[in-house]
Amino acid sequence: MSSATITGGDKCVKSVPVIDFCLLNDRDDHNSTEKAYIKLRKACEEWGCFHVVNHGIKEDIIHDMDSAVRDVLFSKESVQKNILPKKELSYITSMPAMPYYKGLGILGADDPGEVQKFSDLLWPEGNPQMCKVIQSYTSGVTELTKNIIKAIMRSLGVSSYNYRTSGFRGILRINYYDIPANEIGGMITHVDYNCITVMYEDDMGGLQVKNKEGMWVDVKPVPNSFIVILGDCFKAWSNGRTRNVTHRVIREGSDSGKCRMALPYFYGFPLEGVVDAIPELVDDGHPRLYKPFTAGEYREFAMEWKKINIQKKEGFRAETGGEENLDMFAGILVSSINSTSAQFVYPKG
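Conventions we followed
- Residues numbered from 1 in each chain as written.
- Predicted model: local features only at pLDDT ≥ 70, side-chain atom pairs only at ≥ 80, totals over all residues.
- Heavy atoms only, no water.
- Pairing = 2+ DSSP bridges.
- Helix = DSSP H or I, 4+ residues; strand = E, 2+ residues; numbered from the N terminus.
- Axes fitted to C-alpha atoms, helices over the stretch in contact; angles between N-to-C directions.
- Contact = heavy atoms within 4.5 Å.
- Expected span 1.5 Å × (residues − 1).
- UniProt positions renumbered as here; feature names shortened; annotations may be inferred.
- Core = buried A, V, L, I, M, F, W, Y, C linked by side-chain atoms within 4.5 Å.
- Buried < 20%, exposed > 50% of the residue type's maximum accessible area, 1.4 Å probe, protein only.
- Phe/Tyr/Trp six-rings, centres within 6.5 Å; stacked < 30°, edge-to-face > 60°.
- Lys NZ or Arg CZ within 6 Å of the ring centre and 35° of its normal.
- Right-handed = clockwise from strand over helix to strand, strands pointing away.
- Salt bridge = Lys/Arg side-chain N within 4 Å of Asp/Glu carboxyl O.
- pLDDT = per-residue confidence, 0-100.
- Polar contact = N/O pair within 3.5 Å; in protein donor to acceptor, adjacent residues only side chain to side chain.
- Parallel < 35°, antiparallel > 145°, perpendicular 65-115°, else oblique.
- Left-handed = near helix turned anticlockwise from the far one by under 90°.
- Nonpolar A, V, L, I, M, F, W, Y, C, P; charged D, E, K, R; others polar.

### Considering the sheet that holds strand S6 (residues 101–107)
Next up, step 1: Spatially, the eight strands line up as an open sheet ordered S3-S4-S12-S9-S14-S7-S6-S5, and their pairing is mixed. Bordering the open sheet on either side are strand S3 (18–20) and strand S5 (90–92), each of which pairs with just one other strand. Neighbour-to-neighbour, the strand axes of this sheet turn through a mean angle of 25°, independent of strand direction.
Next up, step 2: Examined bridge by bridge, strand S9 (residues 196–201) and strand S14 (residues 260–268) share six bridges and lie antiparallel to one another. By the bridge assignment for S14, Met199 is matched with Pro264.
Next up, step 3: Of the strands in this sheet, strand S4 (49–53), S6, strand S7 (169–177), S9, strand S12 (226–230) and S14 touch helix H5 (residues 128–155), which is tilted by about 130° from S9.

Rendered as structure tokens:
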């Protein structure tokens, strides 16, 4: 089970739900399966996040990825020689809102060819073992992410033919926190603007999510699990049925010198894809909440918010993190976006 302590309080409460993925596919126990789908729907509605266990990705694949990234990518020599000089890489170093943070992105991580390009940029002399490790991990997480989306849609009562994920794109980020002892660092308070994030994190802890009552909850790591975080685009896609959870990382450095690492995998609409509410989720009881918008336009809007707030000192201590962005950009009642925006034409395949 997963438990968490509400920040600033003494009470230990059951919090971020744990979803057993095996139960969602148990054909021999219909009752348990239905209960699991109800639990999943409530997790999406009330939390906007959950742990998933028994997900099907082998533990040694996760372990190999953790070790490879920790030992190779962020060694001092590797960073100085192979990462910093290459502007093609999405590399981020510490900034006022996120002290002691380093991040590296793999764009198009769901495409083995893009992973190969990433590997070639870092290791022009070749590193087939590292490339194989990354490809095995990203392949597994991509398939898991697709299956999670399918499960969420089923939990919401959406027919399989009424939504598509073909054309979606994946981005893997490697988030690394090298926080000295007696210092505090973290990740800026924010809401993911994308569709869904499926994240591995080590056992260091530090992730916090804001519950529906507006209180911060410390999320304790669950062994051999992934944490799923739903973002703005999923909320619009579901016509507001799912929650776009505010979250952050805040933790104190360890005397052991061990660094915190997380691997968020962002998956969602291509930049040219139009995000529009799934027809089955719009009815008299659930009127349309958001106007259609392209994922690329919304990304630019959300990034402007981030550019401003990323420079604020210790942004990981902020109480808000752009929760109003989606309503401001596409909300039916508050947005000035042209209501004649094109409807989403699903990619073939």
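Following the structure, the description resumes.
### Some words on H5
Next up, step 1: Helix length check: H5 (28 residues) gives 40 Å between terminal C-alpha atoms against 40 Å at 1.5 Å per residue, within 8%.
Next up, step 2: Positive backbone phi, approximately 85°, marks Gly157, located one or two places after H5.

### What about the UniProt feature "domain: Fe2OG dioxygenase" (unreviewed entry) in the protein?
Next up, step 1: As annotated in UniProt, the feature "domain: Fe2OG dioxygenase" (unreviewed entry) corresponds to residues 167–269 in the numbering used here.
Next up, step 2: Along residues 167–269 the backbone is 6% helical and 50% strand, and the end-to-end C-alpha distance reaches 7 Å.

### A look at the sheet that holds strand S10 (residues 207–210)
Strand-to-strand pairing in sheets goes through backbone hydrogen bonds, with the strands running parallel or antiparallel.
Next up, step 1: In spatial order, the strands read S8-S13-S10-S11; together these four strands make up an open sheet with antiparallel pairing. Each edge of the sheet is formed by a strand with only one pairing partner; in this case those strands are strand S8 (184–191) and strand S11 (216–218). With strand direction ignored, the average angle separating the axes of adjacent strands in the sheet is 25°.
Next up, step 2: Where S10 lies against strand S13 (residues 246–252), three bridges are found, and the strand directions are antiparallel. Paired with Leu207 across the bridge in S13 is Val249.

### Side note on the nonpolar core
Next up, step 1: By size, the foremost hydrophobic cluster in this structure holds 74 residues, and its most contacted members are Phe50, Ile148, Ile152, Ile196, Phe226 and Trp237.
Next up, step 2: The element contributing the most residues to this core is H5, with twelve residues.
Next up, step 3: When neighbours within four sequence positions are excluded, Phe50 is seen to be in contact with Val16, Pro17, Ile19, Leu40, Ala43, Cys44, Ile148, Ile152, Phe226, Ile227 and Val228.
Next up, step 4: Counting residues in hydrophobic clusters, the runner-up holds 22 residues, among them Val16, Val217, Val219 and Trp305.

### So, the packing of aromatic side chains
Next up, step 1: All chains considered together, the criterion is met by 14 aromatic pairs.
Next up, step 2: Ring-pair connections join several aromatic residues into one group, and the members of that group are Tyr163, Phe168, Phe234, Trp237, Tyr265, Tyr267 and Phe269.
Next up, step 3: Cation over ring: Arg248 sits above Trp216, and NZ or CZ is 3.8 Å from the ring centre.

### Things to note about the pairing of S4
Next up, step 1: In terms of residue burial, S4 counts as a mostly covered element, since five of its five residues are buried.
Next up, step 2: Of the two faces of S4, the one lined by Cys49, His51 and Val53 and the one lined by Phe50 and Val52 are each fully buried.
Next up, step 3: Sheet topology places S3 next to S4; three bridges connect them, and they run parallel. Looking at S4, one finds that Asp20 is bridged to Val53.
Next up, step 4: A crossover connection joins S3 to the parallel S4 through helix H1 (residues 30–46); in handedness this β-α-β unit is right-handed.

### Digging into the pattern of salt bridges
Next up, step 1: Taken as a whole and assessed by the stated rule, the structure comprises twelve salt bridges.
Next up, step 2: A salt bridge links Arg70 to Asp66; the nearest nitrogen and oxygen atoms lie 3.2 Å apart. You can see Arg70 and its partner Asp66 sitting in helix H2 (residues 59–73), four residues apart, about one turn around the helix.
Next up, step 3: Looking at Asp66, the relative accessible area reads 11%, which means it is buried.
Next up, step 4: Between Lys210 and Glu323 there is a salt bridge whose closest N-O contact spans 4.0 Å. Here the residue Lys210 occupies a position in strand S10, and Glu323 occupies one in the loop between helix H7 (295–309) and helix H8 (325–330), the gap between them amounting to 113 residues.
Next up, step 5: According to the relative accessible area criterion, Lys210 is buried, its value standing at 12%.
Next up, step 6: A residue is classified by how much of its surface remains accessible, and Glu323, at 24% relative accessible area, is partly exposed.

### Here we look at the confidence of the model for the protein
Next up, step 1: Confidence along the protein averages 87 in pLDDT terms, with 91% of residues attaining 70 or more.
Next up, step 2: Counting contacts from residues 1–13, a segment whose pLDDT is below 50, to residues more than four positions away or on other chains yields 33 contacts.
Next up, step 3: Every residue in residues 335–349 is under pLDDT 50, and counting partners more than four places away or in other chains gives 28 contacts.

### Quick word on the environment of Asp283
Next up, step 1: Here Asp283 is to be found in the loop between strand S15 (274–275) and strand S16 (293–294).
Next up, step 2: For the pair Asp283 and Asn194, spaced 89 residues apart in sequence, the C-alpha to C-alpha distance is 25 Å.
Next up, step 3: A polar contact of 2.9 Å, which involves the side chain of Asp283, links it to the backbone nitrogen of Gly285.
Next up, step 4: Among the polar contacts made by the side chain of Asp283, one reaches the main-chain amide nitrogen of His286 at a distance of 2.7 Å.

### Let's talk about the packing of H2 against H5
Next up, step 1: At a minimum axis separation of 9 Å, H2 and H5 run at an interaxial angle of 135°. As the angle between them shows, H2 and H5 are arranged oblique. Handedness of the H2/H5 crossing: left-handed. Together, Ile61, Ile62, Asp64, Met65, Ala68, Val69 and Leu73 of H2 and Met130, Val133, Ile134, Ser136 and Tyr137 of H5 make up the contact between the two elements.
Next up, step 2: Per-class residue counts for the contact of H2 with H5 are ten nonpolar, one polar and one charged.

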